[in-house]
Amino acid sequence: MITHVVFDFDGTIANSRSVVIAAYNQVAQKHRFHPMVEADIPVLSRLSIPERCRKMGVPLYKLPSVMVEVARSYKNVMGSLVAFDGMLPVLQTLHRHGLAVGIISTNDAENIQRFLARNGMEAVVQRVHCSSNLFGKDKVISRYLKTYGLTPEQVLYVGDEERDVVACRKTKLRVLSVSWGFEALDVLTRAGPDSIAHQPADILQWVAQLNGLPHLA
């Protein structure tokens, strides 16, 4: 039975595409990497992380430090960050039905807490677990499970990227991909999640189905 629903943050709960681009470009200008524009996202979303780095002129060995810099830059532009339409009622419904809601992200915990408070989500998201480990999300998930004494059978993971699916397969979590995030739909489909949500309300339907309920309302 699913008792915990764990979300990725950027691209899943937060409509952060423009904010991430702005934060990255501040860092890119400093290091003379290639800047990013909105039109780059569909192309980048079909590439692996090493391929994305090559396309943007970012040495792969510098990626961890670049991510730290982007997180700092993110704080300067996150005032414009908003939630995807429909996400707040989904989180509220999960909380009302007694499901614990958590977030696992490579973003900064302070950024996320500020966002949650500003968007009325602070009371319904109980756990925020952050790590800069971009390549080892399965290890971050395993640590989350151990920290809160959870088994994979209790958890549904909701994310917007192929690497979320890969990490969940390694940790034996059921995974629901969302089609409104950073990754292209065909990439998500090939990754093979348990299901794909095309609107936030689909998350509730999938949780209900996994728990043998007609619906969550």
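Details of the structure are given in the entry above.
Presented here is an overview of the structure given in this document. What you are looking at is a predicted structure, and each value in this text was computed from that prediction instead of being measured.

1. Digging into helix α8 (residues 162-171)
Taken as a whole, α8 has its buried residues at R163, D164, V165, A167, C168 and T171. Lining the buried residues of α8 we find α3 (49-56), α7 (137-147), β6 (155-159), β7 (174-178) and α9 (185-191). With its phi angle positive at about 65 degrees, K172 sits one or two positions after the end of α8.

2. Section: the packing of helix α5 (residues 87-96) against helix α10 (residues 201-210)
Two elements in contact, α5 and α10, have axes separated by 8 Å at closest approach and are oriented at 25 degrees. In terms of orientation, α5 lies roughly parallel with respect to α10. Each of M87, V90, T93 and L94 in α5 lies in contact with α10, whose residues at this interface are A201, I203, L204 and V207. Among the residues forming the contact of α5 with α10, the class breakdown is seven nonpolar, one polar and no charged.

3. Some details on the nonpolar core
F7, L94, F115, M121 and I203 are the most contacted members of the largest nonpolar core, which has 54 residues in total. With six residues, the single largest contributor to this core is helix α1 (residues 17-31). With 14 residues, the next largest nonpolar core counts I104, L145, Y157 and C168 among its residues.

4. Concerning the pattern of salt bridges
Counted according to the given criterion, the structure contains twelve salt bridges. Here K30 and E69 are joined by a salt bridge, their closest N and O atoms 3.1 Å apart. With a gap of 39 residues between them, K30 in helix α1 and E69 in helix α4 (residues 63-77) connect regions that are remote in the sequence. Residue K30 is classed as exposed on the basis of its relative accessible area, which comes to 58%. Of the charged contacts in the structure, one is a salt bridge between K75 and E110, with a shortest N-O distance of 3.4 Å. One end of the pair, K75, is in helix α4; the other, E110, is in helix α6 (residues 109-118), and 35 residues separate them in sequence.

5. Some details on the pairing of β7
In terms of residue burial, β7 counts as a mostly covered element, since four of its five residues are buried. Sheet topology note: the β6/β7 ladder contains four bridges and is parallel. Across the sheet, V158 pairs through a bridge with L176, a residue of β7. In this region the chain leaves β6, passes through α8 and returns to the parallel neighbour β7; the handedness of that crossover is right-handed.

6. Description of the side chain of T93
Mapped onto the elements, T93 comes out in helix α5. What T93 contacts, discounting residues up to four positions off in sequence, is L204, L216 and A217.

7. Structural notes on the state of the cysteines
Cysteine pairs can be linked by a disulfide, which is a covalent bond between their two sulfur atoms. A complete count under the given rule lists zero disulfides for this structure. C130 forms no disulfide, and the closest cysteine sulfur to it belongs to C168, at a distance of 16 Å. Taking relative accessible area as the criterion, C130 reaches 28% and is therefore assigned partly exposed.

8. What about the side chain of N111?
Along the polypeptide, N111 turns up in helix α6. Those residues in contact with N111 that lie beyond four places of it in its chain are A71, Y74, K75 and M78.

9. Details of the pairing of β6
Of all the five residues making up β6, five are buried; the element is thus mostly covered by neighbouring parts of the structure. Examined bridge by bridge, strand β1 (residues 4-7) and β6 share four bridges and lie parallel to one another. Looking at β6, one finds that H4 is bridged to V155.

10. Examining the packing of α7 against α8
At a minimum axis separation of 8 Å, α7 and α8 run at an interaxial angle of 55 degrees. Between α7 and α8, the crossing angle belongs to the class labelled oblique. You can see that α7 and α8 cross each other, and the crossing is right-handed. Between α7 and α8, the residues in contact are K137, D138, I141 and S142 and R163, D164, A167, C168, K170 and T171, respectively.

Reading the values: rules and limits
- Residues numbered from 1 in each chain as written.
- Predicted model: local features only at pLDDT ≥ 70, side-chain atom pairs only at ≥ 80, totals over all residues.
- Heavy atoms only, no water.
- Buried < 20%, exposed > 50% of the residue type's maximum accessible area, 1.4 Å probe, protein only.
- Helix = DSSP H or I, 4+ residues; strand = E, 2+ residues; numbered from the N terminus.
- Contact = heavy atoms within 4.5 Å.
- Axes fitted to C-alpha atoms, helices over the stretch in contact; angles between N-to-C directions.
- Parallel < 35°, antiparallel > 145°, perpendicular 65-115°, else oblique.
- Nonpolar A, V, L, I, M, F, W, Y, C, P; charged D, E, K, R; others polar.
- Core = buried A, V, L, I, M, F, W, Y, C linked by side-chain atoms within 4.5 Å.
- Salt bridge = Lys/Arg side-chain N within 4 Å of Asp/Glu carboxyl O.
- Pairing = 2+ DSSP bridges.
- Right-handed = clockwise from strand over helix to strand, strands pointing away.
- Disulfide = S-S within 2.5 Å.
- Left-handed = near helix turned anticlockwise from the far one by under 90°.

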